[in-house]
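Structure at a glance
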Amino acid sequence: MQSWAFQAGFEDRLLQSLRPNYRILAPVRGADGVGRLQPVRRWTELSAGTLPLIPLKKVVFPPHDVLWTLLGIEYREPAPSTVPVALVGIAPCDLYAFAYLDLVFADDPHYQRRRQGLLLVGSSCRPNAECFCPPRREPPPFDLFLAADRLWVGSACGEDMLTALQEELSSPDDLPLPAEITDGQQQVPENLEQLFGASAGLPLWREVGERCVSCGACSAVCPTCYCYEMSDEALPDGRVNRRREWDNCFFRNHALVAGGQNFRPTRTERLRFRFEHKMLGFGALRGISSCVGCGRCARACPVDIDISAVLASLAGGGKP
Amino acid sequence: MKTISLQPLTRVEGHGRVEMKVQAGRLAAVRLVITESPRLFEGLLLGRSWQEVPALVSRICAICSGVHRVAAASALESALGLQIPPMARKVRALLLLGGHIESHALHLFCLTLPDLAGTESILELLRAGDRRAREGLALKALGNHIQELAGGRVIHPVNVEVGGVVRLPARESLEALLAELEEWSGRLPSLVEVFADHRRYPPATPALGTRIAVDCDDFLLTGRSLRFSDGRVVAGDRYRDVLEERAVPWSNTKHSRTAGGALLAGALARLENAAGRASAPVLPEPLDAGIHGNNMAQGLELRWALREARRLVRELLAGDADAPVMAAVRPGAGVGTCVIEAPRGLLIHHYALDDQGRVAAADIVTPTAINQAAIEAQLLADLQGVTEETALTDRAGRIVRAYDPCISCSVHVLRR
Amino acid sequence: MTVAFQPVPAVIETIDETVADNHFFTFRLAEPMPVAPGQFVELSIPGVGAFPVSTATHSGGATFQACIRRAGRVTSALYRLGEGATVGFRGPFGQGFPLEAFAGRDALLVAGGLGMAPLRALLQALLEERERVGEIILLYGSRDPDAILFRDELEGLAAAGTIKVRFSVDFATELPWSREAYVCRIGLVTELLRDLVFVPTKTVAAVCGPPSLYGCVLEDLARLGIDPERIFATLERRMQCGVGQCCHCVTAGVFVCRQGPVFSLAELRRMEKAI
Amino acid sequence: MKKLRLAYVRFTSCCGCQLTLLNCEEQLAAIDEVAEVVYFDMASSRMDDEGPLDVVLVEGSISRPEELVELLRLRRRAEFLVAVGACALTGGVNVLAGGDRIELCEGVYGECAREKLTFPPQPLCRFVRVDLQIAGCPPERSEHLRLLGALARGGLPALPEYAVCMECRQRENLCLLLEAKQPCLGPVTRAGCNALCPSFGAICEGCRGPVTEANRAEESRLLLGLGLSEREVRARMERFSGVSHEDH
Ligand SMILES: Cc1cc2nc3c(=O)[nH]c(=O)nc-3n(C[C@H](O)[C@H](O)[C@H](O)COP(=O)(O)OP(=O)(O)OC[C@H]3O[C@@H](n4cnc5c(N)ncnc54)[C@H](O)[C@@H]3O)c2cc1C
Ligand code: SF4
Ligand code: SF4
Ligand code: SF4
């Protein structure tokens, strides 16, 4: 992969060159300690490699997205935003999340409309005790990736970005991304599908099921959770908005149908469903784990339910 | 003898009716019957921790929820011997002003304006494109916006706790509010003009009742003592020495009176009692509208409240954003009283806490309970000579409305 | 293909109220939308919501016909709209019944309650090329005689000898009626299977009904000798998007809305908790 | 479109729900377009024509025989009866006044207590079928607007069935329970307010009542873990959960 060395101060000039054409968002840790995606002007404002509490999916798949508005008898698409977004200082796991969502929403016009204009500038991170990235075969999707004093080019668009900044760059080379990004920290058991299939009766699920309060935090903060609910908002002025809203497989009515039949009636079943989705994937994506190892869900869970611990427990025979 | 009854009372907050006994073509007796069910807040507060009180008492009444919450917190702070940080005091004052603006705008434009225009409700006025109705609603929205900023939510604000407030409003929102307030200052006088015109009100006798209001050096909604128009000034915590309460069989609200007879609380009483104070709005003289002068007074107070809110927002902006807003609370025994001005008049909260900080006694006196005797007397006085039945009920409704009564508050008079 | 979220407007053309709370609606669409038997659409009442519904007819797509039960919030709103009201359609979604599997074989259709609606579409498709299939047998259980859907039509087909029909009802105040061409019994639809004469190895079965029906019937059919690859059922799950995104319908990792709702018993056996 | 015939009535409560509708200042004119306000005594002097209603919104709990009679009458008149606010749904804070009601009444009214025939406040669902429950103390303006908008389109709106935390997280707030160690009731409280209080920085006091299948046991454990006494935990969790805790 094409890589260049850069000098001190390059990051700011990169931001400067992006500014005319992009709305630049980057993870910024607020005064309250919460990381959020926020507009930045200078590199020092951003907390590169920090994981914003609500992940990047909100940019391409907002929590409350209007799919259409009905005015009288006329359906209207939401007006596309004119300024494309550049996400800067993004940690590798959050970039990997895009790889997954891109597959899920390959045919989705609302996702694609936002995704196509998106510029991704990755940034290496320092994994901490709560992360557990799996090993990867492929590099994540990105346009540019910055690590220490080198950058990598991941797309034609990224390459274009550099033309104006050529003078700042030196020692071009064909290099892979730094190993710590692709090596990962946690091994996933080979026979996970089998382990999972045989796990239905294990005490593990009952135990976590009893603790879970169905608050939904874990899915809200998960960079690859994408269940949604469609709901209509009709207003007295006659407007109707059909909205796509983040849903959550923990909620009681996720698999409830009219008449009261619930296909996942207990919290235990719903919890197991979530882990099945995370670890094994659904539909055409069966076999692709969507857990990028960011550790957000464990941090956000009020009762300390931790997917990596669940995984370890599964591998170790299912003791809680 | 014939009883003419105005039922239900409409465009007031709460359920009640007016019963008028007509004898030989003359109005002989009037009763304000408050049918609203009592919610027995005393049974609810007794034994509960001091921490729970503010949130619970705000549920006494939605329109006055902010002032109830502030009153409870202040009374408990005085019971616990607490001083709250100055910035917290300002946030609370801003919340009260927001409530004042919202409540007065609601009363004047949604409840009273239809009387002046001869419609059933503000909806007809909006339909007809009435500018005053529209702008009055915008003013009401401004009051709500202030309450939201200072209180965290419009009704039953969450920002006020015993010891201070949870947080300061964000700087950007204060700045935006200031701009909004500036913009209003030009518009307001002409908007409330309609309420200052005494020809728009029915003929009236002078407003009855000894005026009672919180006494303070300047014109404010909070203070330490009570001032009567007969010249008496009484420390707030001695309120029981001067206010008597009497349950009456026909009403779920107890009557408050003073040795001198009926009492009048509210905007009119406030302005009359504060006459001569530097920043007190000045009532026109002579005031030919009787109790309807309360609407005029509310209009004047709106202008005052907007000015005052501007001052407070500037002070909050100038203040230290990192200054503490919550004092540490050491729970214990104590007795505390707060006298405060709700939009519709004097409100008193009084609590005794046991050594664990649990409520041992609670007493709340609300403005409408204070006004009830005056309302009945005023009805009797103003409606003498009115014989036609619809005129009688119509006029009675307007008189009751002039007090801006808050009936859901009134039935929660507590006494233990 | 990109997913379309905007509904195609449609007008309620007629409402047949023969069966209480299971009215038969005909909608006329602004753009044709051919829906194969077993497939479904999402019917929107803008401002209220949307729900999945199967086609009850095999038609060209200029109209859509469905039997819709008044089940909850959105379906009740539909009942409140009258003829002439505008609704919207998204679709068609899912995999329908594999019609080619019926070619040259006998067809055994087992319906419970509202499950008759999608099977009626299948039946129409089979009847369109009647000569391509052998015998067609319909077993149809309802709550009571008044709840039988398409009763006149089915009795007519039976009387003409085009298909064989057997009804069952859970309750009846009078003795069930039976004619030469068809019988009706009191009891569960499964009981109709007991003395049914048919050639299992030559038969393709299609079953549609409430989840409780599947619990007994599907494996019974297999035990009687029908190849599990040729026993089809449609699964009901909560559905919203219809395109394998929203995840409500997922069962054993499978998007029922997309890979189903029609599955063979062989497939269902591989899916944990499908039945 | 035919206008909805609408009434908004109130029983034992604080007026907050009705006031919330009046607080939709900017939308009042639009509301007037879709609804014919047949009865709403707080805002209008129009006399009830006693005719059939498309929808009646009911604020407050039932605590007097007259209120019960009126409620039953409204149920007969209205196609949809919508319970609005904590008092109507569970009894709200009204039910917290435990103890002997007669004694309490006498404490307040002395001699006159006997003439005031009231009983402990009850939620509407004790007496009538409720078609929709709009939670909150008070509920949000947006909920009133969505209700009227959906009714004008022929049906009832969908309401969230999950906990406040879901909304709170989406708003990217600092979690008061986890990070600030404050007794937030978000995990057991039904959403719909867009996490109003935590977004302001104040804990959720649970004013929208318990979410379906609320995990009360686990929430209690969390609150006890913050150092609250059992009595405090109970008091906080009961404030808006009404009399019955049958559902866990
Ligand atoms: C593939 C398929 C075909 C169907 N065909 C028919 C049919 O031909 N006729 C008919 O009457 N019914 C059919 N149903 C069932 C019908 O979709 C439900 O009765 C309907 O969704 C109930 O919606 P509601 O809003 O009235 O009920 P509520 O209980 O208020 O449901 C609220 C929402 O939940 C979802 N939901 C609830 N129940 C179901 C359900 N059973 N299946 C899917 N989503 C549900 C919907 O999005 C619905 O709008 C079918 C369901 C599926 C999955
Ligand atoms: S964050 Fe924890 S408690 Fe909340 S839904 Fe997820 S697993 Fe359950
Ligand atoms: S602050 Fe409260 S509502 Fe928000 S996530 Fe934390 S527990 Fe939930
Ligand atoms: S956050 Fe909690 S207390 Fe605040 S409005 Fe919402 S439900 Fe009520």
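The coordinates are above.
Small disclaimer: the values here were computed from a predicted structure and weren't measured.

The rules behind these values
Here, residues in each chain are numbered from 1, in the same order as that chain's written sequence. Note on labels: chains are lettered from A, ligands numbered from 1, in written order. Only residues with pLDDT of 70 or above have their local features reported here, since the model is predicted, and side-chain atom pairs are shown and tallied only from 80 upward, although totals for entire chains, interfaces and linings are computed over all residues. To obtain the side-chain values, all non-hydrogen atoms of the structure were used and water was disregarded. When the centres of two rings from Phe, Tyr and Trp lie within 6.5 Å, Trp using its six-membered ring, the rings pair. Their planes under 30 degrees apart give stacked, over 60 give edge-to-face, and anything left gives tilted. Each helix is a run of H or I in the DSSP string that is no shorter than four residues. Each strand is a run of E no shorter than two, and both are numbered from the N terminus. Summary of the burial criterion: residues with accessible area below 20% of their type's maximum are buried, those above 50% are exposed, and those between are partly exposed, where the area comes from a 1.4 Å probe applied to protein chains only. By definition, two strands form a pair when at least two bridges between them are found by DSSP. Throughout, right-handed denotes a crossover for which the path from the first strand over the helix to the second runs clockwise when the strands point away from the viewer. Note on geometry: axes are lines fitted to C-alpha atoms, helical ones only across the stretch in contact, with angles between N-to-C directions running from 0 to 180 degrees. Contacts are assigned to residue pairs with any non-hydrogen atoms lying within 4.5 Å of each other.

1. Overview of the packing of aromatic side chains
Summed over the entire model, instances satisfying the criterion amount to 23 aromatic pairs over all chains. Ring centres 4.7 Å apart and planes at 20° place the aromatic pair A:Phe251 and D:Tyr162 in the stacked group. Of the two residues, A:Phe251 sits in the loop between strand S12 (240-246) and helix H10 (267-280) while D:Tyr162 sits in the loop between helix H6 (141-152) and helix H7 (164-170), which places them in two different chains. Take A:Phe251 and D:Tyr162: they sit in the same class, and that class is buried. Relative to C:Phe89, the ring of C:Phe27 has its centre 5.1 Å away and its plane inclined at 75°; by these criteria the two rings are edge-to-face. Within this pair, whereas C:Phe27 is found in strand S2 (residues 22-29), its partner C:Phe89 is found in strand S6 (residues 86-93), the two being separated by 62 residues in sequence. The two residues C:Phe27 and C:Phe89 agree in class, both being buried. Among the aromatic residues, those joined into a cluster by ring pairs are A:Phe61, A:Phe105, A:Tyr111, A:Tyr226, A:Tyr228 and A:Trp246.

2. Describing the pairing of strand S8 (residues 136-142) of chain C
Residue and element names in this part refer to chain C. Counting buried residues along S8, 7 of its 7 residues qualify, which places the element largely inside the surrounding structure. Alternating residues of S8 divide into Ile136, Leu138, Tyr140 and Ser142 and Ile137, Leu139 and Gly141, and every residue in both groups is buried. With 6 bridges joining them, strand S7 (residues 106-112) and S8 adopt parallel strand pairing. The residue bridging Val110 from the neighbouring strand is Leu139, located in S8. Viewed along the sheet, the connection from S7 through helix H2 (residues 116-128) into S8 turns out right-handed.

3. Here we look at the sheet that holds strand S3 (residues 35-39) of chain A
Residues and elements named next belong to chain A. With respect to topology, 8 strands assemble into an open sheet ordered S3-S2-S6-S7-S8-S9-S1-S10, the strand pairing being mixed. Bordering the open sheet on either side are S3 and strand S10 (169-174), each of which pairs with just one other strand. The average angle at which neighbouring strand axes cross in this sheet is 25°, direction not considered. Summarising the sheet, strand S1 (residues 2-6) and strand S9 (residues 150-153) pair through 3 bridges and their orientation is antiparallel. In the strand pairing of S9, Ser3 is matched with Trp152. The strands touched by helix H5 (residues 156-163) within the sheet are S1, strand S7 (119-123), strand S8 (144-147), S9 and S10, with S9 carrying the most contacts at an inclination of about 130°.

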